[in-house]
Amino acid sequence: MGARQSGARCKDKGFPGRGVLRGRQKFSPWDDALLSGRDPRCLLKRGLRHVSFSLVTKGMTDAPDFLWSLSEVQKLNLSHNQLRALPPEVGKLTRLVVLNLCGNRLKTLPREVSLLQSLKVLFVHMNCLTELPAELGACRNLEVLSLSHNFLSQLPASLADLSRLRKLNLSHNRFAHIPVCVFSLRELDFLHVGSNRLENIAESIQCLASLQIFIAESNNIHTFPRSLCLLTSLELLNLNNNDIQTLPEELYLLCRLARIAWNPMDKGLHISHNPLSKPLPELLEGGLEMLFSYLKDKKHT
């Protein structure tokens, strides 16, 4: 799951007067706002583009009640706490553009997330998610969705309605196959499904013609599908640490792959740590041009 950042638990869930925070020798600005009676709105940060509010690494098991009255907030960061649930009141924050919930203990999201019609970025990685509400599909303006490091094995079919989604991270979950709804997300340019339980990549992957980065490392994929070769916008294709033995002759169609990549951060074709049959390992040592030349010749003989 990844490490959880710990901290003293917040015993006050509302405005001043409902209890005093104890056990801390040095108060944070958030604690001081509660203790001194100031309006929490004074802690809103008003940037050039967004109004933001942050309560990071506070050890909270519940979000404080005053949050749901901050209707003007557009960027809310509650990451790296101990939150076990997000209340329905989050639906009141209808101006939210960015919501960061990573590093908590959430098992699902409330259905009222559907009310966040302005939401563009949602981070829920490093939680305990086992399911997502179908209502998430109503967030039609969502562009970035990070769900990595959870316990998901399926996604609601309604996520196919996220027509503006560009980046989706499903890595480090329990998916046995890429969810069917993903193949409807035609604007995706980044898809990470590494460290799951995949044994194959469906032919429907060819529907994602805008993909520039596709990562499926550390699964148990047996075959490099020819349909991947139709994704000619790919600049990074990572299939490291799988069970692939052969490469499709049409691989040369991926003309934007610049090199055989060995560094995880490099663009190119990542295909190491697979039981490739000879002479493929030797060809990889010679570079991508040599590999493409071999595959072309093989196709035409």
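Residues numbered from 1 in each chain as written. Predicted model: local features only at pLDDT ≥ 70, side-chain atom pairs only at ≥ 80, totals over all residues. Heavy atoms only, no water.

### Focus on the environment of S277
In step 1: Secondary-structure assignment places S277 in the loop between β11 (268-270) and α2 (280-285).
In step 2: Exposure remark for S277: the relative accessible area of 31% places this residue in the partly exposed category.
In step 3: The spacing of S277 and I244 is 33 residues in sequence and 8.9 Å in space, taken between C-alpha atoms.
In step 4: Filtering out sequence-adjacent residues up to four positions away, S277 remains in contact with Q245 and T246. (Helix = DSSP H or I, 4+ residues; strand = E, 2+ residues; numbered from the N terminus. Buried < 20%, exposed > 50% of the residue type's maximum accessible area, 1.4 Å probe, protein only. Contact = heavy atoms within 4.5 Å.)

### Things to note about the side chain of S272
In step 1: Structurally, S272 can be placed in the loop between β11 and α2.
In step 2: Under the relative-accessibility criterion, S272 is labelled buried at 15%.
In step 3: With residues near it in sequence (within four places) discarded, S272 still touches N240, N241 and W262.

### Overview of the nonpolar core
In step 1: Core analysis: the biggest nonpolar cluster contains 81 residues, and I205, F214 and L291 have the highest contact counts within it.
In step 2: Elements represented by at least two residues in this core include exactly β2 (51-54), α2 and α3 (288-299).
In step 3: A total of four residues in this core trace back to one element, the largest contributor, which is α3. (Core = buried A, V, L, I, M, F, W, Y, C linked by side-chain atoms within 4.5 Å.)

### Things to note about the packing of aromatic side chains
In step 1: By the definition in use, this model includes one aromatic pair.
In step 2: With centroids separated by 5.9 Å and ring planes inclined at 70°, the aromatic side chains of F53 and F66 adopt a geometry described as edge-to-face. Residue F53 is located in strand β2, and its partner F66 is located in the loop between β2 and β3 (75-77); the two are separated by 13 residues in the primary sequence. Pair check on accessibility: F53 and F66 agree, each one buried. (Phe/Tyr/Trp six-rings, centres within 6.5 Å; stacked < 30°, edge-to-face > 60°.)

### Considerations on unusual backbone geometry
In step 1: P279 follows K278 through a cis peptide bond whose omega is 5°.
In step 2: Topologically, P279 is positioned in the loop between β11 and α2.
In step 3: The phi torsion at H172 lies on the positive side, around 55°, for a residue other than glycine.
In step 4: In this fold, H172 is placed in the loop between β7 (167-169) and β8 (190-192).
In step 5: For S195, which is not a glycine, the phi torsion comes out positive at approximately 55°.

### Structural notes on α3
Residues three or four positions apart in an α-helix share a direction because the helix packs 3.6 residues into each turn.
In step 1: Look at α3: 16 Å from first C-alpha to last across twelve residues, which is about the 16 Å you get at 1.5 Å a residue.
In step 2: Buried residues of α3: L288, L291, F292 and L295, and no others. Down the axis, α3 shows its buried residues gathered within 95° of arc, on one side only.
In step 3: The secondary structure elements touched by the buried residues of α3 are β11 and α2. (Expected span 1.5 Å × (residues − 1). Arc of directions from axis to C-beta.)

### Some remarks on a positive patch on the surface
In step 1: Residues R49, K75, K120 and R164 make up a contiguous surface patch of positive charge.
In step 2: Tracing the backbone shows K75 in strand β3.
In step 3: A relative accessible area of 35% places K75 in the partly exposed class. (Patch = residues over 30% accessible without salt bridge, like charges linked within 9 Å, V, L, I, M, F, W, Y side chains within 5 Å. Areas by Shrake-Rupley, 256 points an atom, 1.4 Å probe, with all protein chains shown as cover. Salt bridge = Lys/Arg side-chain N within 4 Å of Asp/Glu carboxyl O. Lys, Arg positive; Asp, Glu negative; His and termini not counted. Charge placed at Lys NZ, Arg CZ, Asp CG, Glu CD.)

### Thoughts on the sheet that holds strand β6 (residues 144-146)
In step 1: The strand order β1-β2-β3-β4-β5-β6-β7-β8-β9-β10-β11 describes an open sheet built from eleven strands, whose pairing is mixed. For this open sheet the edge positions go to β1 (45-46) and β11, each flanked by a neighbour on one side alone.
In step 2: The pairing of β2 with β3 spans three bridges and is classified as parallel. What sits directly across from F53, in β3, is L76. (Pairing = 2+ DSSP bridges.)

### Observations concerning the pattern of salt bridges
In step 1: Under the defined criterion, the tally for this structure stands at seven salt bridges.
In step 2: For R226, the salt bridge goes to E250, with nearest N and O atoms at 3.1 Å. Here E250 lies in the loop between β10 (236-238) and β11 and R226 lies in the loop between β9 (213-215) and β10, a separation of 24 residues in the sequence.
In step 3: Judged by relative accessible area, R226 falls into the partly exposed class, the value being 48%.
In step 4: Shared partners join several salt bridges into a network, and the residues in it are E143, R166, K167 and D189.

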